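One-letter residues, chain by chain:
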Amino acid sequence: MEEALLEIIAALDAGQDVDAAWLDKLVRRHNRAARDGTRRVAKRRLLPFYLKVKAGDPERWRSWNVGEATDAALMRLLQAKPRRTASGVATITVLTKPWPCSGACVFCPSDIRMPKSYLADEPACQRAERCWFDPYLQVTARLRALTAMGHVTDKVELIVLGGTWSDYPEDYQRWFIGELFAALNASDEQRESEATSRRRWYERRGLPRDPEALAERTADVQKRINAGELTYNEAWKAAYGQARTCADAPNDAEGDPTSFRTARSTRPGDQDPFSHCGHDADEKQRECLSWEALFARHRANETAAKRVVGLVVETRPDLVTPESCRILRALGCTKVQIGIQSLNDDLLAVNERVITAARIARAMACLRLWGFKSHVHFMANLLGATPAGDIDDYARLVTDERFLPDEVKLYPCCLVESARLTEAYEHGQWRPYTEEELVGVLVADVLATPPWTRISRMIRDISATDILVGNKKTNLRQIVDAAAQGTTAPMAPAAPEAKSDGAPSALWDAESAPEGAPTSKAAAPAVREIRSREISVEGASLADLALETIAYRTSNTEERFLQWVTSEDKIAGFCRLSLPDQALLPEHASTLFSPLDTSCPDNNPHPRNEDSSASDSYPFPMPGEAMIREVHVYGKVAALHRTGEGTQHLGLGRKLVEEACHQAAEAGYGAVNVISAVGTRVYYRNLGFTDAGLYQRRPL
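Predicted model, so just to flag it, every value in this text is computed and none were measured. In every chain, residue numbers begin from 1 and rise along the written sequence. The predicted nature of this model means local features are confined to residues of pLDDT at least 70 and side-chain atom pairs, given and counted, to a pLDDT of 80 or more, with totals for whole chains, interfaces and linings taken over all residues. Values reported for side chains reflect all heavy atoms of the structure, with hydrogen atoms and water molecules removed beforehand.

Draft legend 1. Quick look at unusual backbone geometry. Even without glycine at this site, Phe-133 takes up a positive phi of about 60 degrees. Residue placement: Phe-133 occurs in the loop between helix H6 (123-130) and helix H7 (135-148). You will see that Leu-404, though not glycine, has its phi angle at about 50 degrees, which is positive. With respect to the secondary-structure elements, Leu-404 resides in the loop between helix H17 (387-399) and strand E6 (407-412). Three labels apply to residues, based on accessible area from a 1.4 Å probe with only protein chains included: buried if under 20% of the type maximum, exposed if over 50%, partly exposed otherwise in between. According to the relative accessible area criterion, Leu-404 is buried, its value standing at 6%. Helix and strand labels come from DSSP, where a helix needs a run of H or I of at least four residues and a strand needs a run of E of at least two; each type is numbered from the N terminus.

See below:
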């Protein structure tokens, strides 16, 4: 391994044209030279070996004479999956434990080993199960993997999956989030030591994590679910029902408030097939994590080496209320994924969603007022759907001012054995779209998506072996993108041309432009959704960028989408500025502006800053105040306090914030709030914001 590395270093020092193809040839040559058939050099092991020597054997590393420029070039060459952090942050996805779901959707998978709607073979689910669903262990494992691939993990977006977050008890929510922060706050050495202790703790209690063994143990119950003899919730109650709601995390320190309490013990050798989820983990009952303890972990993360720059949970629209939004903000949440699936009330009823478009609209309005980014799940090919109907349904999502999400996961429905949709399929009541039909729907959806919306995904990570019928192509997005790029006329209305100073010249009006209207840029592509325009790992110089603003109206705000773009319409960064409709705010006064209860700190999710003004006793921004809902700069992740190779740390974010404040003042607002993540609080304080309840505020 060292011989191959030294050859790479020498080639880089000599200025040779060293790329992926060159590296592949080097690896093959070194393995052929072994003459014994063994693979002595593997590309994926070169970087971990290099980093291990650099950190653990500095004298040996210095003997290699690796200069700063060579070190950077070597990291670029050996980094695996560079797009993992091309969006500007390192994303860590974790999964909550199995829990009853208050919904019963026809299309939803029911894997008893997983939270509702998830399957054991999905990558994130596999990682969670290997970690006994322990949030601390999941974060540790993911950090280790990302570091080994050469990614910077100083700025982390936490994505918490697991069905419906709001269905979980509040004490579990608090503990789970607290453990995520505890893992990120620890030093590398502390984190690995704690992870080792936890793994031993689980192993001492005989808690299984082998997927084949778990599949065998749960097979009988899963067969009954698949056959329709048991619902997921009935199976859950039989399997996990004796567990306490705030139970299962290991920590051998007596009285430690970070751990869970449980109702029954698990002895080594027990054959309980469901003990792997940690529902039955400890003999001792322990105190749950208090709000004050969670806030202490938040404060520690403000200056930690690995900071949380985004926290995402997923829930259903009917569970989005002002009170749930308060709790989400107290936890540190900045983005909410909600399962919309459709806006057609008939389709929603047929698929037993127990929700209406009107309730979805109220949820979107609530999230917007509270400053959250909205990330909606939308499905094609539901039971009762048609391709033409799906196209119209999505067009409504991205043009009707009651909805207009910031991000979309656009999923085609597929059939898995544990879903109740199998019965409809067997009776000929549902069929999967042909590839031509599906691609046609998705292409139309992509072309209809406005430039302020990001389509994050087009397939779920469901294994092809789990899909009975439906799309199994993992490269579906590439197929759709290729087809969409071949279309010259955009289906979405064109954005009003921005002025040179970044101010919008007019509001985006979904009804004002005919289909196929030209865009404001002569050479602008038909596809304008954010992900297709991200500058990715390429980077750009300040001289290549222009600041533009697109304004559009929602049911309760005027939104300003400020974006740094190149002449080719590539996007290097953006800011979402929300200007609440002041005439609507009195309608929400009783719920949005109610004073905080400070009588019980340990149970109060809404602390006030004792040094702040009286208005800071409110969790929600006051009337006459604007909201920055998101600031995001793309390009390769740069380490904290260092300028990277791409567009990060070049002042783009600061300029976006200053322009947003300028536009809010011009629009007559007296202050700007920001829904800051815990790890970005210091950044915003440096920009003149002060802590104000659950937000940070800057007077104008």
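Draft legend 2. Fine view of the packing of aromatic side chains. Only Phe, Tyr and Trp rings are paired, with Trp represented by its six-membered ring, and only when their centres lie within 6.5 Å; those with planes under 30 degrees apart are stacked, over 60 edge-to-face, the remainder tilted. Here the structure, examined in full by the defined rule, presents 21 aromatic pairs. Where Phe-49 meets Trp-64, the ring centres are 6.4 Å apart and the plane angle is 35 degrees; that geometry is what we call tilted. Here the residue Phe-49 occupies a position in helix H3 (residues 43-56), and Trp-64 occupies one in the loop between helix H4 (58-62) and helix H5 (68-78), the gap between them amounting to 15 residues. Ring geometry for Trp-165 versus Tyr-168: centroids 6.4 Å apart, planes at 40 degrees, classification tilted. Grouping residues by exposure puts Trp-165 and Tyr-168 together as buried. Among the aromatic side chains, those forming a connected cluster through ring pairs are Trp-99, Trp-165, Tyr-168, Tyr-172, Trp-175, Phe-176, Trp-236 and Tyr-240.

Draft legend 3. View of the environment of Ser-110. Position of Ser-110 relative to the elements: it lies in the loop between strand E1 (90-95) and H6. Between the C-alpha atom of Ser-110 and that of Asn-226, which follows or precedes it by 116 residues, the distance is 8.1 Å. Polar contacts, as used here, are pairs of N or O atoms within 3.5 Å; protein pairs need one atom able to donate a hydrogen and one able to accept it. Residues neighboring in sequence count only if both atoms are side-chain atoms. In this structure the side chain of Ser-110 is engaged in a polar contact, spanning 3.3 Å, whose partner is the side chain of Lys-116.

Draft legend 4. View of the nonpolar core. Here, nonpolar core refers to any group of buried Ala, Val, Leu, Ile, Met, Phe, Trp, Tyr and Cys residues whose side-chain atoms link them within 4.5 Å. Counting 114 residues, the largest nonpolar core has Leu-397 and Leu-421 as the members making the most contacts within it. Here the element with the most residues in this core is helix H8 (residues 170-185); it accounts for nine residues. Within the second largest apolar cluster, 35 residues are counted, among which are Ala-540, Cys-575, Ala-660 and Ala-664.

Draft legend 5. Up close: the state of the cysteines. Note that a disulfide, as used here, is simply two cysteine sulfur atoms within 2.5 Å. Per the stated rule, a full pass over the model turns up zero disulfides. You can see Cys-414 has no disulfide; the closest cysteine sulfur is in Cys-413, sitting 6.4 Å from it. We classify Cys-414 as buried; its relative accessible area is 14%.

Draft legend 6. Fine view of the pattern of salt bridges. Any carboxyl oxygen of Asp or Glu within 4 Å of a side-chain nitrogen of Lys or Arg constitutes a salt bridge here. By the definition in use, this model includes 39 salt bridges. A salt bridge links Arg-297 to Glu-179, with the nearest nitrogen and oxygen atoms 3.1 Å apart. Pair noted here: Arg-297 is in helix H13 (residues 291-301) and Glu-179 is in helix H8, with a separation of 118 residues, a long-range link. The exposure classification of Arg-297 matches that of Glu-179, with both residues buried. For Arg-396, the salt bridge is made with Asp-400, and the minimal N-O distance between the two is 3.9 Å. Sharing partners across several salt bridges, the network here consists of Asp-134, Glu-179, Glu-194, Arg-198 and Arg-297.

Draft legend 7. Inspection of the sheet that holds strand E3 (residues 307-315) at higher detail. The strand order across the open sheet built from seven strands is E1-E2-E3-E4-E5-E6-E8, with neighbouring strands paired in parallel fashion. At either margin of the open sheet sits one strand with a lone partner, and together these are E1 and strand E8 (454-457). In this sheet, adjacent strand axes meet at a mean angle of 25 degrees when their direction is disregarded. Both E1 and strand E2 (residues 155-161) contribute to a ladder of six bridges, which runs parallel. Residue pairing in the sheet places Thr-91 in a bridge with Glu-157 of E2. In this description, strands pair whenever DSSP reports at least two bridges between them. For helices, the fitted axis covers only the stretch in contact; all axes are lines through C-alpha atoms, and the angles between them, taken along N-to-C directions, range from 0 to 180 degrees.

Draft legend 8. Representation of H3. In this scheme, a helix's expected span is set at 1.5 Å multiplied by one less than its residue total. Between its first and last C-alpha, H3 extends 21 Å over 14 residues, near the 20 Å set by a 1.5 Å rise per residue. For H3, the set of buried residues is Leu-46, Leu-47, Tyr-50 and Val-53. Taken end-on, H3 shows its buried residues confined to a sector of 135 degrees, consistent with a single buried face. Of the residues in H3, the exposed ones pointing more than 90 degrees away from the buried face are Arg-44, Lys-52, Ala-55 and Gly-56. By definition, the arc is the one covered by directions from the helix axis to the C-beta atoms.

Draft legend 9. Broad picture of the side chain of His-377. Following the sequence through the fold, His-377 ends up in strand E5 (residues 373-380). His-377 sits in the buried class, given a relative accessible area of 10%. The residues touching His-377, leaving out its near neighbours within four places in the chain, are Glu-314, Gln-337, Ile-338, Gly-339, Ile-340, Gln-341 and Lys-409. Contact criterion: two residues are considered in contact whenever any of their non-hydrogen atoms come within 4.5 Å of each other.

Draft legend 10. Fine view of helix H12 (residues 232-240). Buried within H12 are the following residues: Tyr-232, Ala-235, Trp-236, Ala-239 and Tyr-240. The buried residues of H12 occupy an angular sector of 100 degrees when projected down its axis, which confines them to one face. Every exposed residue of H12 that faces more than 90 degrees away from the buried side is listed here: Lys-237 and Ala-238. Contact partners of the buried residues in H12: helix H11 (219-226).

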